[in-house]
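Descriptive structure summary
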Amino acid sequence: MKIEKEKCTGCHACYSICPKHCIEMQADNDGFLYPKIDRTICINCGRCENICPALNKPAPQKIGQAYACINKNDEVRMQSSSGGVFTLIAEYVINNGGAVFGAAFDENLSVRHIMIESVNDLGKLRGSKYVQSSIGNSYKEAKNLLECGRIVLFSGTPCQISGLLSYLGKEYSNLITQDLICHGVPPASVWHKYLDWLASVYSAAVDQRTAPSFRDKSTGWKSYSLSVSFTDGKKSAKTFSEDLFMRAFLNDLDLRPSCYCCPSKGIQRQSDITLADFWGIENIVPEMFDNKGTSLVIVNSDKGKQLFDTISPQMIIKEVDTQQALIYNPAAYKSSVLSPARERFMYLINEADFEKAIRKSINNSIIKRTLRKIKRIIERVY
Ligand SMILES: Cc1cc2nc3c(=O)[nH]c(=O)nc-3n(C[C@H](O)[C@H](O)[C@H](O)COP(=O)(O)OP(=O)(O)OC[C@H]3O[C@@H](n4cnc5c(N)ncnc54)[C@H](O)[C@@H]3O)c2cc1C
């Protein structure tokens, strides 16, 4: 395929469309999935390149209307990353005979897209998992359901929604797409290295039957923790500023290369609804800040608006100016900046233990960033 590696988002559109099934998604050395074509089977039909969203930039959409939202069900809100709006959208779809696709942990705590049809399974999709979710055959399954006339809600990162829409290639009135404002995604390999390291620190096996929470709100929404349970009943829960996995993620040490030049940034979205944390809500709508989580919902299409109006009695809502709502959420409009220590970190996690890899990389990157700043100031002065 013509696509440069750093532009491939791993969306699985090419894998899904191939009529000869000759594209496999294979992990590279960093653990990110990329398409690999079996040339002995490939018939050069070109469909993989024609639908690749990175090669064929989609048409820009309208700018959506933003709302601050809180799910009135406090229990669901506390289990959700932000204000718990995803659950309301998903419940509506399921209660109307539909199916919901989203990211869940599998039995090894890897993150994969799955399809659910019962509200009892919603807990599997609830909560952000800060690891790239593998799409697998979800696009194909979604298409089959759409063709049968079922309502489908497909949730995912903006690049996954872009991949789905390219793969489908036509409008479906029974499809609802929901994306997120996305900081970027680390690979499964770093997540598993972290879990192994944690198990060695706690001298206990990670409990694979209890889903970890990347957004444990017991320490507050704004100072959330990453919590992992062990088979001996112990639990690790550190706030995002202390937890080593979160430090790597938020310092941009382990994101997919395409996340540093993300094609989906900006407020013109392809999805019907965009969900995010309403960071800065205490300054914009102070009465909607209680540190339990407030969602920023951006309604991008008429279909999204109809759905939003239907679920609105179950939420506390305040319409806000879209540009203003994004002031505290730079991930909405600009890609994460490639850390000068990324390469070193991705090398070190295979050589050293997780803690050493982080400490060596973060200190190193702070020194490098400071030196670069000093150099820029000197250049400006002279
Ligand atoms: C990798 C990632 C980065 C994010 N970065 C930001 C950010 O920079 N700024 C911001 O404001 N918000 C960000 N979010 C979104 C935010 O964390 C919440 O997911 C969002 O506000 C929805 O919250 P909720 O309370 O409505 O529902 P929740 O129940 O918390 O959200 C569940 C939804 O997230 C989806 N999801 C979870 N993990 C993944 C995954 N790995 N890949 C694809 N979809 C996933 C589920 O399918 C479901 O749609 C990010 C989310 C993810 C997954």
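Residues numbered from 1 in each chain as written. Predicted model: local features only at pLDDT ≥ 70, side-chain atom pairs only at ≥ 80, totals over all residues. Heavy atoms only, no water.

This paragraph deals with the site of the ligand. If you check the shell around the ligand, you find 36 residues, and the closest are S82, S128, K129, I181 and N329. N329 places a side-chain nitrogen or oxygen 2.7 Å from an oxygen atom of the ligand. Protein contact buries 98% of the 890 Å² of open area that the ligand shows by itself. Within the residue set of the shell around the ligand, elements represented by two or more residues are α4 (85–95), β4 (99–105), β7 (175–180) and β11 (273–277). Here the shell around the ligand gets 3 residues from one element, more than from any other, and that element is β11. Residues belonging to the shell around the ligand are distributed by class as follows: 14 nonpolar, 18 polar and 4 charged. (Near = heavy atom within 4 Å. Polar contact = N/O pair within 3.5 Å; in protein donor to acceptor, adjacent residues only side chain to side chain. Areas by Shrake-Rupley, 256 points an atom, 1.4 Å probe, with all protein chains shown as cover. Helix = DSSP H or I, 4+ residues; strand = E, 2+ residues; numbered from the N terminus. Nonpolar A, V, L, I, M, F, W, Y, C, P; charged D, E, K, R; others polar.)

For the structure shown, the criterion picks out 18 salt bridges. Among the ionic pairs, K7 bridges to E4, the shortest N-O distance being 3.5 Å. Residue E117 is joined to R150 by a salt bridge in which the shortest nitrogen-to-oxygen separation is 2.8 Å. With E117 in the loop between β5 (111–116) and α5 (122–125) and R150 in the loop between α6 (138–147) and β6 (152–155), this pair connects stretches of sequence that are 33 residues apart. According to the relative accessible area criterion, R150 is partly exposed, its value standing at 24%. (Salt bridge = Lys/Arg side-chain N within 4 Å of Asp/Glu carboxyl O. Buried < 20%, exposed > 50% of the residue type's maximum accessible area, 1.4 Å probe, protein only.)

For the protein chain, the assigned domains are domain 1 (5–51), domain 2 (65–186 + 254–332) and domain 3 (188–253 + 339–381). Across the boundary between the two partners, domain 2 contributes 31 residues, which contact 28 residues of domain 3. For the domain 2 and domain 3 pair, buried surface summed over both sides reaches about 2500 Å², with 62% attributable to carbon and sulfur atoms. Among the residues of domain 2 in contact with domain 3, L109, Y130 and D254 are the three that bury the most area, contributing 31% of the side total. Scanning the region where domain 2 abuts domain 3 turns up 2 salt bridges. Taken together, the links from domain 2 to domain 3 amount to 18 residue pairs in polar contact (both at pLDDT 80 or more). For the side of domain 2 that touches domain 3, the secondary-structure elements that each account for two or more residues are α3 (74–79) and α10 (281–284). Across the side of domain 2 that touches domain 3, the residue classes tally to 13 nonpolar, 11 polar and 7 charged. (Domains from an automatic or database assignment. Contact = heavy atoms within 4.5 Å. Buried area = accessible area lost by both parts, 1.4 Å probe.)

Once that is clear, we can look at the nonpolar core. Counting residues in hydrophobic clusters, the biggest one holds 38 residues, and the most contacted among them are W191, Y194, F214, F245, F345 and F354. Elements supplying a minimum of two residues to this core: α8 (188–202), β9 (225–229), α9 (244–250), α13 (342–351) and α14 (354–381). When residues of this core are assigned to their parent elements, the largest contribution, 7 residues, is made by α8. A domain-level breakdown of this core finds at least three residues from each of domain 2 (65–186 + 254–332) and domain 3 (188–253 + 339–381). If we ignore the near neighbours within four places in the chain, the residues touching Y194 are L226, V228, D243, F245 and F354. Judged by nonpolar contacts, the second largest core, of 24 residues, contains C69, V85, A104 and F308. (Core = buried A, V, L, I, M, F, W, Y, C linked by side-chain atoms within 4.5 Å.)

Our next topic: unusual backbone geometry. Although it is not a glycine, H12 sits at a positive phi angle of roughly 80 degrees. Looking at the secondary structure, you find H12 in the segment before α1 (13–17). Owing to a relative accessible area of 3%, H12 belongs among the buried residues under this scheme. The phi angle at D252 is positive, at roughly 60 degrees, despite the residue not being glycine. Here D252 lies in the loop between α9 and β11.

Here we come to the packing of α6 against helix α7 (residues 158–168). With their axes 10 Å apart at the nearest point, α6 and α7 run at an angle of 55 degrees to one another. Looking at the two axes, α6 sits oblique to α7. Of the two possible hands of crossing, α6 and α7 adopt the one that is right-handed. Contacts from Y139, K140, A142, K143 and L146 in α6 reach C159, Q160, G163, L164, Y167 and L168 in α7. (Axes fitted to C-alpha atoms, helices over the stretch in contact; angles between N-to-C directions. Parallel < 35°, antiparallel > 145°, perpendicular 65-115°, else oblique. Left-handed = near helix turned anticlockwise from the far one by under 90°.)

One open sheet holds the 3 strands; their spatial order is β8-β9-β10, and the pairing between them is antiparallel. Among the strands making up the open sheet, the edge pair consists of β8 (213–216) and β10 (235–239). Between one strand axis and the next, the sheet turns by 30 degrees as a mean value, whatever way the strands run. Across the sheet, α8 lies against β8, β9 and β10, angled at about 65 degrees from β9, the strand it touches most. (Pairing = 2+ DSSP bridges.)

Moving on, we come to the packing of α4 against helix α11 (residues 302–311). Between α4 and α11, the shortest axis-to-axis distance is 10 Å and the interhelical angle comes to 100 degrees. Taken as axis vectors, α4 and α11 run roughly perpendicular relative to one another. Two secondary-structure elements touch here, α4 through V85, L88, I89 and Y92 and α11 through L307, T310 and I311. A per-class count over the contact of α4 with α11 returns 6 nonpolar, 1 polar and no charged.

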